[in-house]
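Structure at a glance
Each chain, written out:
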Amino acid sequence: MRSWPAPEVPGLAGHGLPLLVPQLNVHDSAAGVLRPVTPGPSARMYVCGITPYDATHLGHAATYLAFDLVNRVWRDAGHDVHYVQNTTDVDDPLLERANDTGDDWRALAEREIQLFREDMTALRVLPPREYAGAVESIPLIIEFIETLRAKGATYDLDGDLYFPVSADPDFGSVSGLTPGEMLPLFAERGGDPDRKGKKDPLDALLWQAARPGEPSWESPFGPGRPGWHVECSAISVRNLGMSFDIEGGGSDLVFPHHEMGAAHAQVATGERPHAKAYVHAGMVGLDGEKMSKSRGNLVFVSRLRAEGADPMAIRLAVLAHHYRSDWEWTTDDLTRAQARLARWREAMLLPGGPPADDVVAEVRRHLATDLDAPAAIVAVDRWADRALSVVEERESHAGAPDRIRAAADALLGITL
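The paragraphs below set out a description of the structure included in this document.

About the cut-offs
- Residues numbered from 1 in each chain as written.
- Predicted model: local features only at pLDDT ≥ 70, side-chain atom pairs only at ≥ 80, totals over all residues.
- Heavy atoms only, no water.
- Helix = DSSP H or I, 4+ residues; strand = E, 2+ residues; numbered from the N terminus.
- Rg over C-alpha atoms; globule rule 2.2 N^0.38 Å.
- Buried < 20%, exposed > 50% of the residue type's maximum accessible area, 1.4 Å probe, protein only.
- Contact = heavy atoms within 4.5 Å.
- Areas by Shrake-Rupley, 256 points an atom, 1.4 Å probe, with all protein chains shown as cover.
- Lys, Arg positive; Asp, Glu negative; His and termini not counted.
- Charge placed at Lys NZ, Arg CZ, Asp CG, Glu CD.
- Pairing = 2+ DSSP bridges.
- Axes fitted to C-alpha atoms, helices over the stretch in contact; angles between N-to-C directions.
- Patch = residues over 30% accessible without salt bridge, like charges linked within 9 Å, V, L, I, M, F, W, Y side chains within 5 Å.
- Salt bridge = Lys/Arg side-chain N within 4 Å of Asp/Glu carboxyl O.
- Expected span 1.5 Å × (residues − 1).
- Parallel < 35°, antiparallel > 145°, perpendicular 65-115°, else oblique.
- Left-handed = near helix turned anticlockwise from the far one by under 90°.
- Nonpolar A, V, L, I, M, F, W, Y, C, P; charged D, E, K, R; others polar.

1. Observations regarding the overall build of the protein
- Secondary structure assignment for the protein yields 13 helices and 16 strands.
- Its C-alpha radius of gyration of 23 Å places the protein within 12% of the 22 Å reference for a compact globule of 416 residues.
- Reported as C-alpha extents along the three principal axes, the dimensions of the protein are approximately 80 × 45 × 35 Å.
- Here the protein holds 416 residues, and the buried ones make up 56% of them.
- In the protein, of all internal contacts separated by at least 6 residues, the share reaching a separation of at least 24 is 78%.
- Of the accessible surface of the protein, which amounts to about 16,800 Å², a share of 51% is contributed by carbon and sulfur atoms.
- Here the protein contributes 41 positive and 61 negative side-chain charges, whose respective centroids are spaced 3 Å apart.

2. Examining the sheet that holds strand β8 (residues 204-209)
- Sheet architecture is open: four strands sit in the order β6-β7-β8-β9, paired in antiparallel fashion. Each edge of the sheet is formed by a strand with only one pairing partner; in this case those strands are β6 (155-157) and β9 (224-226). Averaged over neighbouring strand pairs, the angle between their axes works out to 30° when direction is ignored.
- Sheet topology note: the β8/β9 ladder contains three bridges and is antiparallel. Across the sheet, Ala209 pairs through a bridge with Gly224, a residue of β9.

3. Regarding the environment of Leu123
- Looking at the secondary structure, you find Leu123 in the loop between α3 (105-122) and β5 (130-133).
- Residue Leu123 is classed as buried on the basis of its relative accessible area of 0%.
- Each C-alpha atom, one on Leu123 and one on Ala61, is 8.6 Å from the other, the two residues being 62 residues apart in sequence.
- Discounting residues that sit within four places of it in the chain, Leu123 has contacts with Ala61, Leu65, Val301, Pro311, Met312, Ile314, Arg315 and Gly413.

4. Quick notes on the side chain of Ser137
- Within the fold, Ser137 resides in the loop between β5 and α4 (138-150).
- Assessed through its relative accessible area of 7%, Ser137 is described here as buried.

5. Let's talk about a nonpolar patch on the surface
- On the surface, a cluster of nonpolar side chains totalling about 360 Å² of accessible area is made up of Leu17, Leu19 and Leu20.
- Tracing the backbone through its elements, the reader meets Leu20 in the segment before β1 (25-28).

6. Remarks on helix α7 (residues 254-269)
- Its 16 residues place the ends of α7 21 Å apart at the C-alpha level, agreeing with the 22 Å of an ideal helix rising 1.5 Å per residue.
- Within α7, 15 of the 16 residues are buried, which leaves the element mostly enclosed by the surrounding structure.
- Immediately downstream of α7, the backbone of Gly270 shows phi near 75°, a positive value.

7. Side note on unusual backbone geometry
- In the segment running from Ala55 into Thr56, the intervening peptide bond is cis, with an omega of -10°.
- Within the secondary structure, Thr56 sits in the loop between β3 (42-47) and α1 (58-76).
- Note that the residue after Phe255, namely Pro256, is joined by a cis bond; omega there is 10°.
- Structurally, Pro256 is set in helix α7.
- The backbone phi angle of Asp370 is positive, close to 55°, even though this residue is not glycine.
- Residue position: Asp370 is located in the loop between α11 (357-368) and α12 (373-387).

8. What to know about the packing of helix α10 (residues 331-348) against α12
- One can describe the packing of α10 onto α12 by two numbers: an axis separation of 9 Å at closest approach and a directional angle of 50°. In terms of axis orientation, α10 runs oblique to α12. Where α10 crosses over α12, the handedness of that crossing is left-handed. Between α10 and α12, the residues in contact are Arg340, Arg343, Trp344, Ala347 and Met348 and Ile377, Val380, Asp381, Trp383, Ala384, Asp385 and Ala387, respectively.
- In the contact of α10 with α12, the residues fall into eight nonpolar, no polar and four charged.

Now the structure itself:
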């Protein structure tokens, strides 16, 4: 599947030098602690993508901007970044929306994927190396399920194929939840714990037999379509192998999606772990509730752009909140970001300013400490305030604005 164009990223002084670019530390949801991420020459990351029936709301934007920071920190450290993202372009929510609106499900998916591409381009999100759709990946997913079946890690229930969670002795290690805690989340997030005939209520659907009026594909298990979790398992393992550095997404994916995906991958390959670290972004709310398509309380990036908002102000408004925090969007977020962006740009017009090197080092240090973009932004605020103050005019350093501009672009993704 076609991704989106990559923005140019300026190189910074000290690029790739460990003494100047600190090692990235992130909060690993599975371990429950802040820990260093130590990739090899190639840093590998998989981030779960959208189900394209209504893109891109600010909850999506917050997630993909968080992992864009990971990408930028790694690149600044000198790593070649192998980033993979999927899009679930066939699934129940997409089919339901297409049925409600009278759209062809394929046309609906392509329209929303294109809108997502445009939003990511406007927000200057670095694109994945592989952007893989579920539909184009169905032969790969079938092959992956066949591997599970050959290992005895599937069973048939009225034509549907299930994965028994008992097949993975480490099941539960990603979320740290007990079965009792998992059950209500499984029901809420697309699972079917009450289906009669399952060996365990938590067993996950791998292949759904064809239903009347729904798309299906031929397979050794009969015509049908893949389950959600196995899609990401197959795509990530094919493109990144096992034990890749980071698997990411919103915090609502910890269970069941990332838990199930890890179990599928570990049983299919016989290797573990699926990912070395699981990193999750918080939820964005509106009017006191999580922003979600099912609730209809969405603020869309495309709508803000159509109303004249500078994409860089949108990006700044989101990055002003720590990626792991749950927060609520208000119009004040955008107002503050627009004022901040204007002040930064005003400071960039000066021929000189306060020294830049310590500010660049501070931005690097904050981002390496669990992607603390709010603190990094404040560091640039302080520099801009000093640059625009009358007192600092006597101590102007030529070229400082250019160095701050390059750092804001390379590390925070903000063009000034």
